[in-house]
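Okay, here's what each chain looks like letter by letter:
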Amino acid sequence: MKIATGSDLATGDVVWWDGEGWSRHIEAAVDVGDAGTGLIAREEAALRVNVPYVIDAEPSPDGPRPAHIKDRIRARGPTVGDDLGIKPASAGAGSWVI
Amino acid sequence: MYKYDSYDQTIVDTRVEEFREQVERRLSGELSEDQFKPLRLMNGLYLQLHAYMLRVAIPYGTLDARQMRMLAHVARTYDKGYGHFTTRQNIQFNWIELKDTPDILAELATVEMHAIQTSGNCIRNISSDQFAGAAADEVTDPRPWAELLRQWSTFHPEFSYLPRKFKICVIAADEDRAAMRLHDIGIQLTRNEAGDVGAAVYVGGGMGRTPMIAPLIKDFVPIDDLLSYVEACLRVYNRYGRRDNIYKARIKILIHEIGADSYRQQVEDEWAHVKTLGLDPPRAEFERIAGFFAPPAYDSAAPDTIDRSDPDFALWVDQNVKPHKQPGYAIATISLKPVGGIPGDATAAQIDLMADLAERYSFDELRVTHAQNIVLPYVRKADLHALWQALDGAGLATANLDLISDIIACPGLDYCSLANARSIPLAQKIANRFASMERQRDLGELKLKISGCINACGHHHAGHIGILGVDKRGAENYQLLLGGSGAEDASLGNITGPGFDEDGIVDAIERTVETYRAVRTDGERFLDTYRRVGIAPFKEAIYG
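Residues numbered from 1 in each chain as written. Chains lettered and ligands numbered in written order. Predicted model: local features only at pLDDT ≥ 70, side-chain atom pairs only at ≥ 80, totals over all residues.

Caption draft 1: Layout of the overall build of chain A. For chain A, the helix and strand inventory stands at 2 helices and 5 strands. Counting all 98 residues of chain A, 33% fall into the buried class. Taking all contacts inside chain A whose residues are at least 6 apart in sequence as the whole, residues at least 24 apart take part in 46%. (Helix = DSSP H or I, 4+ residues; strand = E, 2+ residues; numbered from the N terminus. Buried ≥ 20, exposed ≤ 12 C-beta atoms within 10 Å, placed from the backbone. Contact = placed C-beta atoms within 7 Å.)

What follows is the structure, encoded as C-alpha cells:
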C-alpha cells in the first residue's frame, strides 16, 4: 500500500493522510493508491501540510507499517526516550520500528 | 566575556523582526516552503524528522549564566525540557514549533544570543579551544580573535552565499582541543622567534564524505594582518570553489584539486591587494574587544592544593579536572555522557544548575566543547569538592572525560532527516558495555565518535575508534574505523572491513579494545598502539 505523510506547517508534527485530513497517528493512515501525487500537491498548496510525500507501507492489523526505517521512526518518535514524540499505546507498541 | 554594543544588538533585534514577518508570511501561505526554506535556514531553523529544530549559536563555545538560564528557559517553555549540545559548540532544540520561533529568537536576543548563520552556505559559528583564557599551555587568549572573526563574518556581504558552508577555528596552544585542522580554516596563534604573536593558518580541512586534514598554507601571519589574510583565503575560495556539485563544493576539494602550493600563491596575490583596502582593524579596536576577555579577578591567595581524601572525588579530579594557568585554580569539565544517557543532552534543570554553579564557582562563565561537554574554566581548587558534590547530585559528575564512554554522537536517525542510521542507541549500548569505570580507566584515553551518516557530524573520521552508520538495503549497518584523531596529531581513521549490525558493532569494539590490551606497551594509548602495530591485528581479531 501507499500512504501519504508530511509535517504540520505550524508545529512541524509528523502527520499522515487519513482520507479526510492529516492525522498525527499513523494508525489512521489510508491507502492513497495512485492518487498520492495529486493529493499531496493539492494539500500542500492549501497549506494543510508541509513537505508531503508518498511512501510504501505494509498493512497490518494495527495499522500501516512504513517500509523504510526512517518513516517508521517518524511514525513512532525517537527510539530513545519514551516520553518524546507520539507515545505508543502500550510498551510494545514500538517493537515494529527496528 | 564580550558584551554586545548597540550595533550588535540592533543587528540581532532587526533580524528577529524580519524573521517574524517571514514566519507570518509562511503561515499565511504568502511564501511557499521552497521560498521560505532558505530564509528559515539563515535563522538556524531546520525541519527534521519529528519537528522543527532550532540551532542556537554559542560563539566560540563561550556563554555566561544568564545566557545558560535562557537556554534552560527555551528548553522548558518551547521544547520538551532539554537541549542538545553539539559538536560545533552550539545547542540544538529538537521540538520547536514554527509559530514560536520568532518569540524564541526575541527572548534569546535579550541575552545577546541568536541563531544567525548556524546554517546555510556562509561562515558558521567560530569555534575555539574550550580552555581558552585558562589553559596553562596557551600562548595567548584566542577568544578576542575569535570574536573579531565573528564580527567580521556576521552578515559579511561577500561571503553570505559561498559555494558551501564554511567553518573556522581559532586555537592558541600546541595541544589541539578543538579539532582545528579539520576545519575549513584552522588558525593556531603562536609566537615567532622574536616573541611576536602571529597565526599559523591551515586551510582545507574537514570531515564529511571526503575527509581531509588541512595543509599548512602560511606558517606565520602577523597578528594584525590576520583578518585581511583570512579575507584573502575566502576570496580565492569564493572565486574558484565549485557551485555545480554540492559534493565538491567545500574548500578542501578546491585545494585538493589545484594543490596547496597553487592555492597558497593565489591567496598571496589576493592578500597583496586586500591589505591595501584597510580591512584590518586598528589596534585600538582590537584592544577594545580584548578588554572584554581580561582575566577574572583571581584570588591570588587561593590555595594550590586539592583535598583528595574523598576517593570518588579524587577520581573525578584525576579525569575531569585540568591544569590552569593561574595558581590555585583549575579547569573542570562537566561530562554530559552519563552511562546510558544521550551524549550532549542536558535537561532544563541541569542547564539551570550549571548556570548557578558557573556563577558561584567560575566567574560566571561556561564553555561548550566540541566533544559535547560543558567546561567551568575558572574554578578555585578549594571549591572543586563542593562543585563536584553539586554536580553529583544532578547526575553530572561522571568521571569519564576522554574515556571510551565519553562518546561523541550526532543525533542520528532518531532525529535527523539526513541520517541513515541511529547513533544515540548505539552510544548507549557501547557505554553500557563498558560501564565499569575501572575498565574504562584501564583502557585510558580512547575517543569514540559516532556519525549516523556520511556527513560526519559525529566526527567519526577523527575518532580513535570511529563508527559510521549507513543504510544497507533499508537496514542500519555500521562501519568501524580505527586510528583517527582530531588532536594535534590529527589523522583520519581507516575502515576495518565489512560493516556490522547494531549488536555486531558493539562486539567488534569489544574485540578491538581487547586486542589493544593484549598488545599495548606500558602507558601506551590506544591510538599509539594502533599506529605502532597497524590495522592487521585488529582486523584479525574482529573478523577472524
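Caption draft 2: Highlighting the domain arrangement of chain B. Residue and element names in this part refer to chain B. Entries for chain B in the domain assignment read domain 1 (6-109), domain 2 (142-291), domain 3 (314-392) and domain 4 (408-543). Using only C-alpha atoms to locate each centre, domain 3 and domain 4 end up separated by 26 Å. Contacts between domain 3 and domain 4 engage 6 residues on the former and 8 residues on the latter. When grouped by side-chain class, the residues that make up the side of domain 3 that touches domain 4 number 4 nonpolar, 2 polar and no charged. (Domains from an automatic or database assignment. Nonpolar A, V, L, I, M, F, W, Y, C, P; charged D, E, K, R; others polar.)

Caption draft 3: Molecular detail of unusual backbone geometry. Residues and elements named next belong to chain B. Of note in this structure, Glu 112 is not a glycine but carries a positive phi near 65°. Within the fold, Glu 112 resides in the loop between helix H4 (101-109) and strand S6 (127-128). Backbone geometry at Arg 473 places phi at a positive 50°, although glycine is not the residue there. Checked against the element boundaries, Arg 473 lands in the loop between strand S18 (465-472) and strand S19 (475-482).

Caption draft 4: Spatial organisation of the sheet that holds strand S10 (residues 216-222) of chain B. Residues and elements named next belong to chain B. The sheet built from 5 strands is open, its strands ordered S6-S7-S8-S9-S10 with mixed pairing. Each edge of the open sheet is held by one strand with a lone partner, namely S6 and S10. Of the strand pairs in this sheet, strand S8 (residues 185-191) and strand S9 (residues 197-203) are connected by 7 bridges, and their pairing is antiparallel. Bridge pairing in S9 links Gln 188 to Ala 200. Contacts between helix H5 (residues 143-153) and the sheet are confined to S6, strand S7 (168-171) and S8, with S7 contributing the most and set at about 160° to the helix. (Pairing = 2+ DSSP bridges. Axes fitted to C-alpha atoms, helices over the stretch in contact; angles between N-to-C directions.)

Caption draft 5: A look at the interface of chain B and chain A. Listed by partner, the interface residues are 21 residues for chain B and 21 residues for chain A. Along the lines of polarity and charge, the residues of the side of chain B that touches chain A split into 11 nonpolar, 3 polar and 7 charged.

Caption draft 6: Quick peek at the packing of helix H6 (residues 226-240) of chain B against helix H8 (residues 260-274) of chain B. Residues and elements named next belong to chain B. Their axes nearest at 8 Å, the elements H6 and H8 cross at an angle of 125°. Judged on the interaxial angle alone, H8 and H6 are oblique. Seen along the crossing, H6 lies across H8 with a hand that is right-handed. Note on element contacts: H8 touches H6 through Tyr 263, Gln 266, Val 267, Glu 270, Trp 271 and Val 274, opposite Ser 228, Tyr 229, Glu 231, Ala 232, Cys 233, Arg 235 and Val 236. Here the contact of H6 with H8 is built from residues that sort into 8 nonpolar, 2 polar and 3 charged. (Parallel < 35°, antiparallel > 145°, perpendicular 65-115°, else oblique. Left-handed = near helix turned anticlockwise from the far one by under 90°.)

Caption draft 7: Molecular detail of the environment of Ala132(B). All names here are of chain B. Of note, Ala 132 is situated in the loop between S6 and H5. As a C-alpha pair, Ala 132 and Thr 154 span 22 residues in sequence and 22 Å in three-dimensional space. The contacts of Ala 132, once residues within four sequence positions are left out, are Glu 138, Asp 141, Pro 142, Arg 143 and Ala 172.

Caption draft 8: Inspection of helix H12 (residues 384-392) of chain B at higher detail. Residue and element names in this part refer to chain B. Residues of H12 that are buried: Leu 384, Leu 387, Trp 388 and Leu 391. Summarising the axial view, the buried residues of H12 lie within an arc of 100°, below the 170-degree limit, and thus occupy one face. Residues of H12 that are buried make contact with helix H10 (311-320), strand S11 (321-323), strand S12 (329-334), helix H11 (348-361) and strand S15 (374-380). (Arc of directions from axis to C-beta.)

Caption draft 9: Quick look at the pairing of strand S17 (residues 448-451) of chain B. All names here are of chain B. With burial as the criterion, each face of S17 is covered, one bearing Leu 448 and Ile 450 and the other bearing Lys 449 and Ser 451. Across 2 bridges, the pairing between strand S16 (residues 408-409) and S17 is parallel. Bridge assignment links Ile 408 to a residue of S17, and that residue is Lys 449.

Caption draft 10: Looking closely at the nonpolar core. Core analysis: the largest hydrophobic core is formed by 168 residues, its most contacted members being Val170(B), Cys233(B) and Met354(B). No other element matches the 9 residues that H6(B) contributes to this core. Every residue in contact with Val170(B), bar those within four places of it in the chain, is listed here: Ile126(B), Ser128(B), Pro142(B), Trp145(B), Ala146(B), Leu149(B), Ile187(B) and Leu189(B). Ile3(A), Trp22(A), Ala29(A) and Ala75(A) belong to the second largest nonpolar core, which has 14 residues in total. (Core = buried A, V, L, I, M, F, W, Y, C linked by C-beta atoms within 7 Å.)

Caption draft 11: Inspection of the environment of Val506(B) at higher detail. All names here are of chain B. By the secondary structure assignment, Val 506 is in helix H15 (residues 502-519). Note on Val 506: 18 C-beta atoms within 10 Å, which makes it partly exposed. It is 30 Å that separates the C-alpha atoms of Val 506 and His 183, two residues lying 323 residues apart in sequence.

Caption draft 12: The arrangement of the sheet that holds strand S2 (residues 14-17) of chain A in detail. All names here are of chain A. The strand order across the open sheet built from 5 strands is S3-S2-S1-S4-S5, with neighbouring strands paired in antiparallel fashion. Only two strands of the sheet have a single partner each, and these edge strands are strand S3 (22-23) and strand S5 (65-66). As judged from the 5 bridges shared by strand S1 (residues 2-7) and strand S4 (residues 50-58), these two strands associate in the antiparallel manner. Paired with Lys 2 across the bridge in S4 is Asp 56. Each of S1, S2 and S4 touches helix H1 (residues 36-45); the most contacted strand, S4, lies at about 150° to it.

Caption draft 13: Representation of the packing of helix H3 (residues 65-78) of chain B against H4(B) within the structure. Residues and elements named next belong to chain B. Running from N to C, H3 and H4 point in directions that differ by 160°, and their axes come no closer than 10 Å. The angle between the axes of H3 and H4 places the two elements in the roughly antiparallel class. Considering only the axes of H3 and H4, their crossing is right-handed. For the pair formed by H3 and H4, the contact residues are Met 70, Val 74 and Tyr 78 on the first element and Ile 104, Glu 107 and Leu 108 on the second.

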